[in-house]
Number of protein chains: 2
Amino acid sequence: MPTIKEVAKAAQVSVATVSRVLNQDKNVSPQTRQKVLEVVRQVGYTPNMLGRNLRRKNTERILVLIPSLSNQFLSGVIRGVESAAKQKELQVMISAAHNDREAEQGYLEMLYNRSVDGIILVGSTLDQEELSQLAGQYPLVMCSEWVEGANVSAVGIDNEQAAFDAVNALLASGRKKIAMVSNEEVYSARLRTQGYRRALEQAGLPHKREYEVEHYEYTYRAGMRACRMLMALPEPPDAIFAVSDELAAGVCKALIEQGIIPGREVDVFGFDNTTMSKVVTPSISTVSQPRKRIGGTALELLWERMEHPEEKPRLVLLPHELVLRDSSQHR
Amino acid sequence: MPTIKEVAKAAQVSVATVSRVLNQDKNVSPQTRQKVLEVVRQVGYTPNMLGRNLRRKNTERILVLIPSLSNQFLSGVIRGVESAAKQKELQVMISAAHNDREAEQGYLEMLYNRSVDGIILVGSTLDQEELSQLAGQYPLVMCSEWVEGANVSAVGIDNEQAAFDAVNALLASGRKKIAMVSNEEVYSARLRTQGYRRALEQAGLPHKREYEVEHYEYTYRAGMRACRMLMALPEPPDAIFAVSDELAAGVCKALIEQGIIPGREVDVFGFDNTTMSKVVTPSISTVSQPRKRIGGTALELLWERMEHPEEKPRLVLLPHELVLRDSSQHR
DNA sequence: ATAGGAACTGTAATCGATTACATGGAGGTG
DNA sequence: CACCTCCATGTAATCGATTACAGTTCCTAT
């Protein structure tokens with residue numbers, strides 16, 4: 001791998017001139033430019049980014065740090081990030097923190113040690129204090145999942161309202177005994193539980209404690225377990241709202257195992273509009289988030305932080321939509 | 001963000017000494033070490049990786065380049081890469097190339113320009129020539145999906161044999177009209193088609209051209225389309241083998257739409273043992289690959305290339321397993 | 001007592017680029 | 001012709017670390 005020095009020698013110019021050619025500096029005569037480019041092509045020179053980055057003090061690279069890779073919804077968000085990043089000529093890298101605090105901190109350190117120019121963080125194991133402090137010093141924004149009270153730019157949907165809407169859809173088709181499968185560890189899920197409660201309250205329905213089932217994983221197994229618990233109650237629910245499609249798919253599977261067809265005796269509602277909600281039979285009603293727009297906005301917010309670090313962080317809420325399918329009655 | 005120079009001044013030592021302390025060089029007296037560490041903690045110093053990387057000529061960072069993020073199977077593979085990388089103290093970054101040649105080349109350039117120390121490539125749009133050349137110069141290995149004839153280390157399963165086994169399982173339960181949904185653009189799928197044909201041949205069955213359906217996507221929609229085509233044939237198949245679970249799920253969905261229950265009149269077999277194959281009803285028989293082991297081995301192969309670039313690339317095939325579920329008859 | 005070596009520390013070169021500043025020549029103007 | 005400007009190019013400083021080499025001190029063995 002040749003260096004700029006070797007190129008300079010071969011082209012019989014100084015390294016400065018080579019650098020100018022490569023960085024489109026106008027102060028180069030057409031002939032020298034030609035000659036340099038010729039040599040560059042001939043020896044197959046590519047600038048060493050380690051040198052460039054050190055001098056420029058940046059990398060033109062950002063990191064998207066997500067909790068887990070096997071998340072269809074997030075892959076849509078990342079598509080949004082990628083296409084917005086392309087506009088700004090930023091390279092996008094992804095890493096998974098797996099809800100491991102140490103791993104997360106290891107990746108966040110890339111801000112300190114300048115390995116990346118900024119980070120888009122999806123969820124976090126850090127607290128509001130730590131996040132606010134970090135975001136105050138470095139370009140850091142949150143996306144889809146954020147932390148209550150943290151002074152960090154963020155983008156997502158209005159989770160409380162979305163859950164409220166979903167539950168109202170169930171109420172509208174006559175359901176009265178609506179259960180919820182949630183996860184109090186995640187802020188977005190807590191908000192959804194609040195929306196669920198508000199909808200019940202507004203409809204004048206009591207909200208029974210035993211209708212709120214907790215699970216710390218968004219897996220279909222957890223959904224199955226939750227469903228079995230709910231259906232074993234003295235007064236089983238006639239609708240189940242889960243905070244993710246995979247949970248909802250598990251709920252449906254457990255119902256089917258018991259001979260109950262989702263959408264008939266019991267309605268099921270999911271969240272995120274993933275492929276799974278479309279593929280399973282019956283298909284699952286769900287809340288759709290504008291994934292690509294969320295990702296694109298996250299990048300814009302990050303850019304804002306990079307260009308104007310002094311400005312205040314802001315929260316952007318984008319509109320959600322209900323997608324009604326066979327797992328819930330409707331007309 | 002303080003630099004090593006400022007730390008040195010504050011600790012009243014030279015930058016060399018600070019560097020020695022930070023890099024566990026034994027030639028430092030306990031007192032100075034103490035003092036330096038004190039200052040480091042106090043000012044919150046973190047070494048700037050851009051400087052370190054330039055000097056050391058490496059980044060201790062590798063890239064896993066995959067075609068798409070929304071792939072449950074690959075996320076397991078990456079878990080395997082991550083845990084093996086942890087042992088070697090390498091940081092793992094992931095990027096998606098989306099089958100876009102330009103995007104792929106942009107990421108591969110990170111080898112040339114030293115942004116990463118090595119790349120694990122899952123599939124590629126490059127040809128054997130280009131890949132061989134690249135892998136000859138830089139640490140590059142392929143994983144799960146590789147390219148015929150490329151002189152590159154790779155790890156995966158024996159796709160031909162796996163398909164052979166899957167089709168034999170269908171034959172064993174009495175199926176005779178077995179169709180296949182494949183993708184001739186992908187080498188692993190071509191191998192699977194070969195295994196399918198070999199199984200039919202060995203069973204003395206003709207392989208009908210119209211039973212081999214092509215699709216260039218691994219989506220459930222493509223699976224549905226393929227299934228509708230197959231079932232519209234004058235002599236529809238009594239079993240359908242798809243090269244991915246998502247395709248298989250689409251096949252099942254289309255069957256159900258026609259009132260046919262997978263596993264009764266028509267068997268369905270998928271590939272990869274993803275969550276989806278378990279969640280859908282009926283659950284789908286599939287081929288399971290040792291994902292984490294594949295990922296771990298990919299990292300070991302990459303490490304081999306990094307440490308001993310002169311040694312010949314090698315191909316590692318790991319064992320697969322059939323997972324029989326409700327979508328296929330069996331006893 | 002002195003040579004030799006070990007232990008500790010500092011000076012300065014180095015990695016590969018970018019870029020501020022200096023320089024020299026061409027061309028224009030009064 | 002003298003002077004100024006502008007363009008093209010080169011020289012050298014710089015980014016922030018690591019590390020080869022050199023120097024100093026002090027201990028030990030003869």
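A quick note: this is a predicted structure, and the numbers were derived from the prediction, not measured.

How each quantity is defined
- Residues numbered from 1 in each chain as written.
- Chains lettered and ligands numbered in written order.
- Predicted model: local features only at pLDDT ≥ 70, side-chain atom pairs only at ≥ 80, totals over all residues.
- Heavy atoms only, no water.
- Pairing = 2+ DSSP bridges.
- Helix = DSSP H or I, 4+ residues; strand = E, 2+ residues; numbered from the N terminus.
- Axes fitted to C-alpha atoms, helices over the stretch in contact; angles between N-to-C directions.
- Contact = heavy atoms within 4.5 Å.
- Near = heavy atom within 4 Å.
- Polar contact = N/O pair within 3.5 Å; in protein donor to acceptor, adjacent residues only side chain to side chain.
- Nonpolar A, V, L, I, M, F, W, Y, C, P; charged D, E, K, R; others polar.
- Domains from an automatic or database assignment.
- Buried area = accessible area lost by both parts, 1.4 Å probe.
- Salt bridge = Lys/Arg side-chain N within 4 Å of Asp/Glu carboxyl O.

> Pulling in residues and values, what's your account of the sheet that holds strand E7 (residues 212-214) of chain B?
All names here are of chain B. Within the open sheet, the 4 strands sit side by side as E7-E6-E8-E9. Their pairing is parallel. Two strands lie at the open edges of the sheet, namely E7 and strand E9 (267-269), each paired on one side alone. Between one strand axis and the next, the sheet turns through 15° on average, direction left out of account. The sheet strands contacting helix H9 (residues 187-202) are strand E6 (178-182) and E7, and the helix crosses E6 at an angle near 170°.

> Hey, could you go over the protein's contact with DNA strand C for me, with residue numbers and the actual values?
By nearness alone, 28 residues border DNA strand C, and Ile4, Ser19, Asn48 and Arg55 of chain A together with Arg20 of chain B come closest of all. At 2.5 Å from a phosphate oxygen of DNA strand C is found a main-chain nitrogen or oxygen belonging to Asn48 of chain A. With respect to DNA strand C, the backbone of Ser14 of chain B contributes an N or O atom lying 2.9 Å from a phosphate oxygen. Put simply, the parts of the chain that give the surface near DNA strand C at least two residues each are helix H2 (15-22) and helix H4 (49-56) of chain A together with helix H2 (15-22) and helix H4 (49-56) of chain B. Taken together, the residues that form the surface near DNA strand C break down as 10 nonpolar, 11 polar and 7 charged.

> Now, about the domain arrangement of chain A: what can you tell me, with residues and values included?
Residue and element names in this part refer to chain A. According to the domain assignment, chain A consists of domain 1 (1-47), domain 2 (57-157 + 293-318) and domain 3 (159-288). Once you take the C-alpha centre of each, domain 2 and domain 3 turn out to be 30 Å apart. Facing 7 residues of domain 2, the contacting portion of domain 3 comprises 10 residues. Taken together, both faces of the contact between domain 2 and domain 3 bury some 800 Å²; the carbon and sulfur share is 49%. Linking domain 2 with domain 3 are 1 salt bridge, by the criterion used here. When the shortest N-O distance is used, the salt bridge between Glu148 and Arg190 registers 3.7 Å. In this structure, the connection of domain 2 to domain 3 is made through 3 residue pairs in polar contact (both at pLDDT 80 or more).

> So what's going on with the interface of chain A and chain B? Which residues, and what values?
Counting residues at the interface gives 51 residues for chain A, matched by 51 residues for chain B. Here chain A and chain B share an interface that buries about 4,300 Å² over both sides, 64% of which is from carbon and sulfur atoms. On the surface where chain A and chain B come into contact, there are 15 residue pairs in polar contact (both at pLDDT 80 or more). Those elements that provide at least two residues to the side of chain A that touches chain B are H4, strand E1 (61-66), helix H5 (72-87), strand E2 (91-96), helix H6 (101-112), helix H11 (245-257) and helix H12 (275-279) of chain A. Each residue belonging to the side of chain A that touches chain B can be placed in one class, and the counts come to 22 nonpolar, 18 polar and 11 charged.

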